[in-house]
Amino acid sequence: SEAESVRVAVRVRPFNQREKDHGAKLIIDMQGQLTTIKNPETPSEEPKKFSFDFSYWSHDGFTERADGVLEPTAGSKYASQPIVFKDLGQGVLDNAFEGYNCSLFAYGQTGSGKSYSMVGYGNNKGIVPMTCDKLFQAVNNNSDPNKRFEVSFSMLEIYNEQVRDLLSKDKPKGGLPVRQNPKMGFFYVQGLKRAPVGSYEDIEAQIDKGTANRTVASTNMNATSSRAHTVVTITFDQIIKDPTGQEKKKSSEMNLVDLAGSERAESTGATGDRLKEGANINKSLSALGNVISALADLSMGKKKVMVPYRDSVLTKLLQNALGGNSKTIMIAALSPADINYDETLSTLRYADRAKKIKNKAVINENPMD
Ligand code: ADP
Ligand code: MG
């Protein structure tokens, strides 16, 4: 199979109330695949330019329906949830049916719109629920008697470099252990619950359960912000019987990752325990940054590059998603406001590096034993 680049999308959200109250200025612009950012302190300077596979303008040009759904006004370039799903989620789904592993992760500072894109709020459902919905529509429409499906769901949180199973009420001290498969080399979470799911409603119930179990701590940035990384994994198996009666299994693992806020601890005014969390979150995110840089170097032809997957729990678990057997998409969430210039620029630079990563996804197909 051919090496394929990680696809990168950026999305800019509307001003929030706080930004409106402070008379925030818009510093992001998007034209086609081009995204530009203006430094509010040097307004006469040429804006910095970035180019991504997808640039989603969700800043303005929408109206809110009575049921809360945000829709583009006529002629506007507003990227709604269904548009983002069509580009990103539909591809994940198609690849899953072909038997590829897929990963989608959302990066950005707290309040920039990661969870909005990944999970969504109210009737503005994000990529995860829409993908699950379409997955079961396709499964339920299957009329081939020689094909059956098995779907399972897991949801975990990485908080302070410890793994918590969000489908379980148990909170083992120190979290669940992350182990390495001695033969295959990949890392996994020992004892993580994998719930079999048979319908979209099943998955929705599991998502709600997992969301309720999440660790939520408040910082100055955003009272309900999650300071943890959330990883949803959907395992999708297709068992296919060939004309001789021999069964084979096509498996796909979909990893959907809502990363913790990328802002540096000092900018949130955190102290004490919160500061320790910040440091650990930075450990996982900076490890992710180092892995991305190393992979970018590798794909540029540099030799003898060590990819430091082992430096954090997050990078261990994302090893396949990054530089491995997976088709991967990163969505970088952007604040539109001048006050967030430094963080937004660093998000754009992070996303720019991620574009250089190349993966080699293979179809996971094996005879049944
Ligand atoms: P994060 O997960 O990065 O901390 P959220 O996804 O919770 O941020 O978004 C912060 C706020 O901005 C939420 O109130 C959300 O509804 C709003 N928001 C984010 N992205 C969009 C968007 N594309 N369109 C409309 N509102 C958005
Ligand atoms: Mg969030």
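Just so you know, these numbers come straight off a predicted model, no measurement behind them.

Peer 1: Please clarify how the overall build of the protein chain should be interpreted in this entry.
Peer 2: What the protein chain contains, in helices and strands, is eight helices and 21 strands. A compact globule built from 369 residues would reach a C-alpha radius of gyration of about 21 Å, and the protein chain, at 21 Å, matches this within 12%. The C-alpha extent of the protein chain, read off along each of the three principal axes, is 70 × 45 × 45 Å. The buried share of the protein chain, reckoned over its 369 residues, is 51%. Contacts in the protein chain between residues far apart in sequence, at least 24 positions, make up 71% of those at least 6 positions apart. When the accessible surface of the protein chain is totalled, it reaches about 17,600 Å², and 49% of it is carbon and sulfur. Between the mean site of the 48 positive side-chain charges and the mean site of the 44 negative ones, the protein chain shows a separation of 5 Å.

Peer 1: How should the packing of helix H2 (residues 81–98) against helix H4 (residues 127–140) be read in this particular structure?
Peer 2: The description of two helices packed together rests on the angle between their axes and the distance between the axes. Contact pair H2 / H4: the axes reach a minimum separation of 9 Å and the direction vectors enclose 50°. On the basis of their axis angle, the class for H2 and H4 is oblique. You can see that H2 and H4 cross each other, and the crossing is right-handed. Only Ile127, Met130, Thr131, Lys134, Leu135 and Ala138 of H4 make contact with H2, whose side of the interface consists of Gln81, Pro82, Val84, Phe85, Leu88, Gly89, Val92, Leu93 and Phe97. Considering only residue class, the contact of H2 with H4 consists of 11 nonpolar, three polar and one charged.

Peer 1: Please explain the site of ligand 1 as it appears in this structure.
Peer 2: Taken together, 15 residues sit near ligand 1, with Gly111, Lys114, Ser115, Tyr116 and Tyr121 positioned nearest. In the model, an oxygen atom of ligand 1 is placed 2.7 Å from a nitrogen or oxygen of the glycine 111 main chain. A distance of 3.3 Å separates an oxygen atom of ligand 1 from a polar atom in the backbone of serine 112. Here the element with the most residues in the shell around ligand 1 is helix H3 (residues 114–118); it accounts for three residues. For the shell around ligand 1, the residue count by class is five nonpolar, seven polar and three charged.

Peer 1: Is there a simple way to explain helix H5 (residues 200–212) in this structure?
Peer 2: Each full turn of the α-helix corresponds to 3.6 residues, which orients residues three or four apart in the same direction. With 13 residues, H5 extends 18 Å from end C-alpha to end C-alpha; this agrees with the ideal 18 Å at 1.5 Å per step. Listing the buried residues of H5 in full gives Tyr200, Ile203, Gln206, Ile207 and Gly210. Here the buried residues of H5 occupy an arc of 125° about the axis, which is enough to place them on one side. The exposed set on the far side of H5, more than 90 degrees from its buried face, consists of Glu201, Asp208 and Ala212. As for H5, its buried residues are in contact with strand E11 (124–125), H4, strand E12 (147–159) and strand E16 (195–197).

Peer 1: Would you explain the sheet that holds strand E4 (residues 34–37) in this entry?
Peer 2: On the basis of which strands lie adjacent, the open sheet formed by three strands has the order E3-E4-E5 and antiparallel pairing. Each end of this open sheet is capped by a strand with a single partner; those strands are strand E3 (28–31) and strand E5 (48–51). The average undirected angle you get between the axes of adjacent strands in this sheet is 25°. Inspection of the sheet shows E3 paired to E4 by four bridges, in the antiparallel sense.

Peer 1: Could you clarify how one ought to interpret a nonpolar patch on the surface in this entry?
Peer 2: Side chains of Met184, Phe186 and Tyr188 sit close together on the surface and give an oily, nonpolar patch of about 310 Å² of accessible area. Looking at the secondary structure, you find phenylalanine 186 in the loop between strand E14 (178–180) and strand E15 (187–189).

Peer 1: Mind showing me how you'd approach the pattern of salt bridges here?
Peer 2: Opposite charge on two side chains lets them pair, provided their charged atoms get close. Inspection of every chain in the model, using the stated rule, returns 13 salt bridges. Glutamate 157 is the salt-bridge partner of arginine 164, the closest N and O atoms lying 3.7 Å from each other. For the pair arginine 164 and glutamate 157, a shared accessibility class is recorded, and that class is buried. Here lysine 355 ties to aspartate 352 by a salt bridge, and the two come within 3.0 Å at their closest N and O atoms. A relative accessible area of 21% places aspartate 352 in the partly exposed class. Three or more residues joined by partner-sharing salt bridges are found here, namely Arg65, Asp67 and Glu71.

Criteria and thresholds
- Residues numbered from 1 in each chain as written.
- Chains lettered and ligands numbered in written order.
- Predicted model: local features only at pLDDT ≥ 70, side-chain atom pairs only at ≥ 80, totals over all residues.
- Heavy atoms only, no water.
- Helix = DSSP H or I, 4+ residues; strand = E, 2+ residues; numbered from the N terminus.
- Rg over C-alpha atoms; globule rule 2.2 N^0.38 Å.
- Buried < 20%, exposed > 50% of the residue type's maximum accessible area, 1.4 Å probe, protein only.
- Contact = heavy atoms within 4.5 Å.
- Areas by Shrake-Rupley, 256 points an atom, 1.4 Å probe, with all protein chains shown as cover.
- Lys, Arg positive; Asp, Glu negative; His and termini not counted.
- Charge placed at Lys NZ, Arg CZ, Asp CG, Glu CD.
- Axes fitted to C-alpha atoms, helices over the stretch in contact; angles between N-to-C directions.
- Parallel < 35°, antiparallel > 145°, perpendicular 65-115°, else oblique.
- Left-handed = near helix turned anticlockwise from the far one by under 90°.
- Nonpolar A, V, L, I, M, F, W, Y, C, P; charged D, E, K, R; others polar.
- Near = heavy atom within 4 Å.
- Polar contact = N/O pair within 3.5 Å; in protein donor to acceptor, adjacent residues only side chain to side chain.
- Expected span 1.5 Å × (residues − 1).
- Arc of directions from axis to C-beta.
- Pairing = 2+ DSSP bridges.
- Patch = residues over 30% accessible without salt bridge, like charges linked within 9 Å, V, L, I, M, F, W, Y side chains within 5 Å.
- Salt bridge = Lys/Arg side-chain N within 4 Å of Asp/Glu carboxyl O.

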